[in-house]
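Remarks on the overall topology
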Amino acid sequence: MWQAWLSLDRKQLLRDPIFFMAILLPLLLMLFIAKGLPWFESVAPFSITPHIPYLLSIFLLLTPITVGMMVGLMMLEERDESLVTYFAITPLGKGRYVAFRIGIPLLINFVLSIVLVIVFHDAALMRWEVFLHLITSSLETPLMALAILAFAANRLEGLAVAKMLNFILLPPIILYFLADKWRIFGLIVPTYWVSEGILALSADSVVKFWGFWLGGTAYHILLIWLLFSRFNRLFH
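Procedures and definitions
- Residues numbered from 1 in each chain as written.
- Predicted model: local features only at pLDDT ≥ 70, side-chain atom pairs only at ≥ 80, totals over all residues.
- Heavy atoms only, no water.
- Helix = DSSP H or I, 4+ residues; strand = E, 2+ residues; numbered from the N terminus.
- Salt bridge = Lys/Arg side-chain N within 4 Å of Asp/Glu carboxyl O.
- Axes fitted to C-alpha atoms, helices over the stretch in contact; angles between N-to-C directions.
- Left-handed = near helix turned anticlockwise from the far one by under 90°.
- Contact = heavy atoms within 4.5 Å.
- Nonpolar A, V, L, I, M, F, W, Y, C, P; charged D, E, K, R; others polar.
- pLDDT = per-residue confidence, 0-100.
- Buried < 20%, exposed > 50% of the residue type's maximum accessible area, 1.4 Å probe, protein only.
- Polar contact = N/O pair within 3.5 Å; in protein donor to acceptor, adjacent residues only side chain to side chain.
- Patch = residues over 30% accessible without salt bridge, like charges linked within 9 Å, V, L, I, M, F, W, Y side chains within 5 Å.
- Areas by Shrake-Rupley, 256 points an atom, 1.4 Å probe, with all protein chains shown as cover.
- Parallel < 35°, antiparallel > 145°, perpendicular 65-115°, else oblique.
- Phe/Tyr/Trp six-rings, centres within 6.5 Å; stacked < 30°, edge-to-face > 60°.
- Core = buried A, V, L, I, M, F, W, Y, C linked by side-chain atoms within 4.5 Å.

**So, unusual backbone geometry**
Although it is not a glycine, D204 adopts a positive phi angle of roughly 60°. Tracing the chain through its elements places D204 in the loop between helix 10 (190-202) and helix 11 (206-235).

Now the structure itself:
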C-alpha cells in the first residue's frame, strides 16, 4: 500500500509542475538569502541588520503556508478521484491518511526552517527557544491544507480558497510598521503570533515570547482541530 501511495505521489508531482515549485521555493529562498542579503546590505543606504528577525519571521511562515496549500490541493484532487474513500476503507484509515499526507510535509518544513535560521545566522536567535516557534510555524502546513479541504468542494474552488489564504501573511507584514496600539488586531490571525514570537525572542523579551508561543501554538491547534472536524463532517 505504501509503495502504491508513493508511486501516486510521484505521478502527481510529474503531472502538475506547481507541486515542484512548492518544493523548490524553500531552496531558492535560502539561496536568495545567502547571496542576496549581504549584497543588499552593501549597496543599501540603510542597514538591514536590525530587521533580520522580522524578515526571518516572514520567511519562516512563507514556506509552510505555500507547501500547505499545495498539499491541500493535492488532497482535494485525491478526494475528487475518490482516492480518499479508498484509503478510508483500507487498514490505513482516514485519520492516518490525513496524518501521513500532512505529517511528512510538516516534518520537511521543520527541517527546512532549521536550515533557514542557520542561513540567516542572527546571533539573537541562536538559542534553543527558537525551535519552539519553528514547530509552531510548521503547523501552518496542516492549517492551510485543512482550510482548503474544509471550504472547497473541488480543485477550482480550492484554487480560489488558496488565493484568499495568501492574505494571511499580510497582518504580520503590515503591523510591523504600525504603532503598537494597532497590533492587537493581529491576534486574530495565527501567523501574527509566530511573527511576534520571533521578534520577542530577538528582543530578549521572555514574557512576551512565552505568551506568543503558548498562545500561538494553542490557537493553531484549535484551528486545526476545527478545520479537521469540518472536513470530517463533509467527508461523511
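**Structural notes on the pattern of salt bridges**
In this structure the tally under the stated criterion is three salt bridges. Among the ionic pairs, R127 bridges to D204, the shortest N-O distance being 3.2 Å. Here R127, found in the loop between helix 5 (93-120) and helix 6 (130-138), pairs with D204, found in the loop between helix 10 and helix 11; they are 77 residues apart in sequence, far enough to count as distant. Residue E196 pairs with R183 through a salt bridge whose shortest N-O separation is 3.6 Å. In this pair, E196 sits in helix 10 while R183 sits in the loop between helix 9 (170-175) and helix 10, placing the two residues 13 residues apart along the sequence.

**So, the environment of Y54**
Among the structural elements, Y54 can be located in helix 3 (residues 52-80). Note: C-alpha distance between Y54 and I198 (144 residues apart in sequence) is 7.6 Å.

**Some details on the packing of helix 3 against helix 10**
A pair of packed helices can be characterised by two numbers: the angle between their axes and the separation between those axes. Direction vectors running N to C along helix 3 and helix 10 enclose 145°, while the axes themselves pass 9 Å from each other. The interaxial crossing formed by helix 3 with helix 10 has right-handed handedness. On the side of helix 3, the interface is formed by P53, Y54, S57, I58, L60, L61 and I65, while helix 10 contributes T191, V194, S195, I198, L199 and S202. Along the lines of polarity and charge, the residues of the contact of helix 3 with helix 10 split into nine nonpolar, four polar and no charged.

**Some points on the confidence of the model for the protein**
Overall, the prediction assigns the protein a mean pLDDT of 80, with 81% of residues at 70 or greater. Here helix 1 (residues 2-15) is the element of the protein with the lowest mean pLDDT, 52, and helix 7 (residues 140-151) is the one with the highest, 92.

**Remarks on the side chain of T217**
Inspection of the secondary structure puts T217 in helix 11. Judged by relative accessible area, T217 falls into the buried class, the value being 16%. Among the polar contacts listed, one links the side chain of T217 to the side chain of T136, at a separation of 2.8 Å. One polar contact links the side chain of T217 to the main-chain carbonyl oxygen of W213, over a distance of 2.7 Å.

**Let's talk about a nonpolar patch on the surface**
A grouping of M164, F167, L170, I174, L178, W182, I184, F185 and L187 is seen on the molecular surface, where their side chains present a nonpolar patch of about 920 Å² in accessible area. Along the chain, the position of F185 falls in the loop between helix 9 and helix 10.

**Topic: the packing of helix 7 against helix 8 (residues 155-165)**
With their axes 9 Å apart at the nearest point, helix 7 and helix 8 run at an angle of 135° to one another. One element, helix 7, and the other, helix 8, form an angle in the oblique class. The interaxial crossing formed by helix 7 with helix 8 has right-handed handedness. Where helix 7 abuts helix 8, its residues M144, A147, I148 and F151 lie against E157, G158, V161, A162 and L165.

**Quick word on the packing of aromatic side chains**
Evaluation of the coordinates by the stated rule reveals 11 aromatic pairs. Three or more aromatic residues link up through ring pairs in this structure, and these residues are W128, F209, W210 and W213.

**With respect to helix 6**
Each turn of an α-helix holds 3.6 residues, which means side chains three or four residues apart point in the same direction. Most of helix 6 sits inside the fold, with seven of its nine residues counted as buried. For helix 6, the set of buried residues is V130, L132, H133, L134, T136, S137 and S138.

**Observations regarding the nonpolar core**
Residues M69 and I148 are the most contacted members of the largest nonpolar core, which totals 37 residues. Secondary-structure elements contributing two or more residues to this core are helix 3, helix 5, helix 7, helix 8, helix 10 and helix 11. Per-element accounting of this core gives the leading share, 11 residues, to helix 3. Discounting residues that sit within four places of it in the chain, I148 has contacts with M69, G72, L73, L76, G158, V161, A162 and L165. Listed in part, the 20 residues of the second largest apolar core include I52, L134, A200 and F209.

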